[in-house]
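Descriptive structure summary
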Amino acid sequence: SAVISQKPSRDICQRGTSLTIQCQVDSQVTMMFWYRQQPGQSLTLIATANQGSEATYESGFVIDKFPISRPNLTFSTLTVSNMSPEDSSIYLCSVEPGGGYGYTFGSGTRLTVV
Amino acid sequence: GENVEQHPSTLSVQEGDSAVIKCTYSDSASNYFPWYKQELGKRPQLIIDIRSNVGEKKDQRIAVTLNKTAKHFSLHITETQPEDSAVYFCAALNSGNTPLVFGKGTRLSVIA
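The structure contained in this document is the topic of the report that follows. Treat the numbers as computed from the prediction; the structure is a model and nothing was measured.

1. Some remarks on the overall build of chain A
Along its length, chain A carries zero helices and 11 strands. Taking 13 Å as the expected radius of gyration for a compact globule of 114 residues, we find that chain A reaches 13 Å, a close match to that expectation. In terms of overall dimensions, chain A has a C-alpha envelope of 40 × 25 × 20 Å along the principal axes. Expressed as a percentage of the 114 residues in chain A, the buried residues total 50%. Expressed as a percentage of contacts within chain A between residues at least 6 apart in sequence, the contacts between residues at least 24 apart total 52%. Surface exposure of chain A reaches about 5,200 Å², of which carbon and sulfur atoms provide 47%.

In structure tokens, the structure reads:
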């Protein structure tokens, strides 16, 4: 299965600032997915990132707030912009390694906005 | 789109007993159903999965069953141990390279 390196693992940020989260995969993958997991909750999909095209955002998430880059088949970034305390959450990237199964996750970024 | 319901939200069992978590899905085209275990502060880890052409799959103490007609699938953990305590998520999808749709999770506590 694919191995994902995600960083930073955690950060404490001031409101109004931005944080960029990176995910590096050890193999080429077509799609990368970004999720948010609020404390004690399930995983909510933010967007799907396909290399070479704009990300597809889920209802309630917009590109201005969560811009995503996907410069190649092994790397993606998610930026949380103009942060407020409501953005405090865990952010995870995920990939499907191939074959339509075995989705794996990065280790997550625990974001606290103060 | 797909909707996945998961029950119960919390489950406490005595060590050595069995635990069963159930999920239902809405999209009859869904054909892949994984289960993830998430320990506190860690990433979700895939523990078992099943495709729609199979009715049951086992891996040591864990098993998953699928009823396509009723559109539900279940996770069974036998001989539970304290290290099984975690949050378990079911998920569904209908084709590769699409995102998984998750249930809301079940917090399992195994009491020694």
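2. Details of the state of the cysteines
Scanning the entire structure with this criterion turns up two disulfides over all chains. Cys 23 of chain A shares a disulfide with Cys 93 of chain A; S-S distance 1.8 Å. What sets the handedness of the Cys 23 of chain A and Cys 93 of chain A disulfide is the S-S torsion sign, and at about -90° it is left-handed. A residue pair is termed long-range when its members are at least 10 positions apart, and Cys 23 of chain A in strand β3 (residues 19-25) and Cys 93 of chain A in strand β9 (residues 89-95) qualify at 70 residues. With relative accessibility at 0%, the residue Cys 23 of chain A sits in the buried group. Judged by its relative accessible area of 0%, Cys 93 of chain A falls in the buried class. With a sulfur-sulfur separation of 1.9 Å, Cys 23 of chain B is cross-linked through a disulfide to Cys 90 of chain B. With the S-S dihedral at roughly -100°, the linkage between Cys 23 of chain B and Cys 90 of chain B falls on the left-handed side.

3. So, the sheet that holds strand β1 (residues 4-7) of chain A
All names here are of chain A. With antiparallel pairing, four strands are arranged side by side in an open sheet as β1-β3-β8-β7. The open sheet terminates on both sides in strands that have one partner only, identified here as β1 and β7 (68-72). Neighbouring strand axes in the sheet, compared pairwise and without regard to direction, differ in orientation by 15° on average. As judged from the six bridges shared by β3 and strand β8 (residues 75-80), these two strands associate in the antiparallel manner. Its bridge partner being in β8, Ile 21 is matched across the sheet by Leu 78.

4. Some words on the side chain of Thr 109 of chain A
Residues and elements named next belong to chain A. Position of Thr 109 among the secondary structure elements: in strand β11 (residues 109-113). For Thr 109, a relative accessible area of 0% puts it in the buried group. At 3.1 Å, the side chain of Thr 109 forms a polar contact with the side chain of Gln 6. Excluding residues that lie within four positions of it along the chain, Thr 109 makes contacts with Gln 6, Lys 7, Pro 8, Ser 9, Leu 19, Ile 21, Ser 89, Ile 90 and Tyr 91.

5. Here we look at the interface of chain B and chain A
Contacts between the two partners involve 20 residues from chain B and, on the opposite side, 22 residues from chain A. Across the chain B/chain A interface, buried area totals approximately 1,700 Å², and carbon plus sulfur atoms make up 55% of it. Along the contact surface separating chain B from chain A lie zero salt bridges. Mapped onto the side of chain B that touches chain A, the elements with two or more residues apiece are β4 (32-38) and β5 (45-51) of chain B. When its residues are assigned to classes, the side of chain B that touches chain A shows nine nonpolar, seven polar and four charged.

6. Concerning the side chain of Thr 77 of chain A
Residues and elements named next belong to chain A. Residue position: Thr 77 is located in strand β8. Here Thr 77 falls in the buried class, since its relative accessible area comes to 11%. A polar side-chain atom of Thr 77 sits 2.6 Å from a polar atom in the side chain of Ser 69. If sequence neighbours within four positions are ignored, Thr 77 has contacts with Thr 20, Ile 21, Gln 22, Trp 34, Pro 67, Ile 68 and Ser 69.

Calculation rules
Residues numbered from 1 in each chain as written. Chains lettered and ligands numbered in written order. Predicted model: local features only at pLDDT ≥ 70, side-chain atom pairs only at ≥ 80, totals over all residues. Heavy atoms only, no water. Helix = DSSP H or I, 4+ residues; strand = E, 2+ residues; numbered from the N terminus. Rg over C-alpha atoms; globule rule 2.2 N^0.38 Å. Buried < 20%, exposed > 50% of the residue type's maximum accessible area, 1.4 Å probe, protein only. Contact = heavy atoms within 4.5 Å. Areas by Shrake-Rupley, 256 points an atom, 1.4 Å probe, with all protein chains shown as cover. Disulfide = S-S within 2.5 Å. Pairing = 2+ DSSP bridges. Axes fitted to C-alpha atoms, helices over the stretch in contact; angles between N-to-C directions. Polar contact = N/O pair within 3.5 Å; in protein donor to acceptor, adjacent residues only side chain to side chain. Buried area = accessible area lost by both parts, 1.4 Å probe. Salt bridge = Lys/Arg side-chain N within 4 Å of Asp/Glu carboxyl O. Nonpolar A, V, L, I, M, F, W, Y, C, P; charged D, E, K, R; others polar.

Nothing here speaks to function; it is all geometry.
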